[in-house]
Amino acid sequence: VMKLNPQQAPLYGDSVITVQLSEEDKVEDDVVFYLVFTGSTVQHCTSTRKINPGSLETISPGHDCCETVKVALCASREGHPVLVVAEESFQFVQDEAYDAAQFLATCAGNQQALNFTRFLDRSRPPAADVDFLDEKVALAFRHLKLPAEWNVLGAEQSLTENIPRETLMHFAVRLGLLRLTWFLLQQPGGRGALSIHNNEGATPVSLALERGYQKLHQLLTEEGAREPDSWSTLSHTVHSGDYSVKHHRGLGVYLLTAQA
């Protein structure tokens, strides 16, 4: 028997899962444990990190649909066959951050929706909440399968129009969302959004300055600005193709995803 905590994760993955081993599975140091998640169309394999003799840590993979999957704990030891030590079920769910990312992605050019995001800003969430929001929404956004023609300014918007308007970039900067701003900068229309004025004449760059977000302002204005430190706390793709491999630097865990 093994206990997974928690027993569910958001679709975009990247949350920490703790695995409690049963008494008989607490074994010598030369055993390597990994988890295999089997969904209806894809399978994931994650390496683990030992916290103590009775527990392991890993990172939940990003999954392709909401469903309950089988998780097998496998043990491997040099010169021995791989053993399936325990099995458990695990659920992938769509959470509020995923809903929020989907909402933001679809309202990229929609002024009414973007004005609603300005209304949200007046409630000024505390810094810890902003950091949590930033991480989750950036992860979810990264996991969305955005259409090829998707643009930070909305599909219809061309950069030549000099109409004052709100953009997704204004939203991300106004709340001080470093990771989301970095993600948007890499997307089509991201750089162009930096020079667009809203109805008050503010650009995302001037908003960052006015609100005293120094790191954010550097990110937007410095030539060759590097990804923010907080971005490196997320897992990163090191191989993609028929199968993909991600690496989570924080835990030193690898995630492999392939068609089942």
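About the cut-offs
Throughout, residues of each chain are indexed from 1 in the direction in which the sequence is written. Totals for whole chains, interfaces and linings use all residues, but because this is a predicted model, local features are given only for residues with pLDDT of at least 70 and pairs of side-chain atoms are given and counted only at 80 or more. Excluding hydrogens and water, the side-chain figures rest on all heavy atoms present in the structure. What counts as a ring pair is set by centres within 6.5 Å for rings of Phe, Tyr and Trp (its six-membered ring), and what kind of pair is set by the plane angle: stacked under 30 degrees, edge-to-face over 60, tilted for all other angles. By definition, any uninterrupted DSSP run of H or I lasting at least four residues is a helix, any uninterrupted run of E lasting at least two residues is a strand, and each is numbered from the N terminus. Buried, partly exposed and exposed residues are distinguished by accessible area as a fraction of the type maximum, computed with a 1.4 Å probe on protein chains only: under 20%, between the cut-offs, and over 50%, respectively. To be clear, the arc concerns the directions from the helix axis to the C-beta atoms. When DSSP finds two or more bridges between two strands, those strands count as paired. Here an axis means a line fitted to C-alpha atoms, over the contact stretch when the element is a helix, while the angle between two N-to-C directions is reported on a 0 to 180 degree scale.

An unreviewed UniProt entry lists the protein under the name AKP13 protein, with Rhadina sibilatrix given as the organism.

Novice: Whenever I open this one, the packing of aromatic side chains confuses me. Can you help?
Specialist: Ring pairs (aromatic) are described by centroid distance and by the angle formed between their planes. In this structure the tally under the stated criterion is six aromatic pairs. Between the aromatic rings of Tyr12 and Tyr98, the centroid separation amounts to 6.4 Å while the plane-to-plane angle is 5 degrees, which identifies the pairing as stacked. One end of the pair, Tyr12, is in the loop between β2 (8-10) and β3 (16-20); the other, Tyr98, is in helix α1 (residues 96-106), and 86 residues separate them in sequence. For the pair Tyr12 and Tyr98, one class covers both residues: buried.

Novice: When you look at α1 in this model, what are you seeing that I'm missing?
Specialist: Working note: α-helix, 3.6 residues per turn, so residues spaced by three or four point in the same direction. Regarding α1, the residues found buried are Ala97, Tyr98, Ala101, Leu104 and Ala105. Considered in projection along α1, the buried side chains sweep an arc of 130 degrees and stay on one side of the axis. Exposed side of α1, more than 90 degrees from the buried face: Glu96 and Thr106 are the residues found there.

Novice: So what exactly am I meant to see when it comes to the sheet that holds β2 here?
Specialist: In a beta sheet, neighbouring strands pair by backbone hydrogen bonds and run either parallel or antiparallel. Read across the sheet, eight strands follow the order β2-β9-β8-β4-β5-β12-β11-β10 without closing on themselves; strand pairing throughout is mixed. Where the open sheet ends on each side, the last strands, each with one partner, are β2 and β10 (236-239). Across the sheet, the mean angle from the axis of one strand to that of its neighbour is 30 degrees, orientation sign disregarded. Here nine bridges tie strand β8 (residues 67-76) to strand β9 (residues 83-93), and the two strands are oriented antiparallel to one another. Its bridge partner lying in β9, Glu67 is registered against Phe92.

Novice: Would you explain unusual backbone geometry in this entry?
Specialist: In most cases, non-glycine residues show a negative phi, while peptide bonds are predominantly trans. Here the bond from Asn5 into Pro6 is cis, since omega is -5 degrees, no more than 30 degrees from zero. Checked against the element boundaries, Pro6 lands in the loop between β1 (3-5) and β2. In this model, Asp14 sits at a positive phi of 65 degrees, which is unusual for a non-glycine residue. Looking at the secondary structure, you find Asp14 in the loop between β2 and β3. Assessed through its relative accessible area of 8%, Asp14 is described here as buried.

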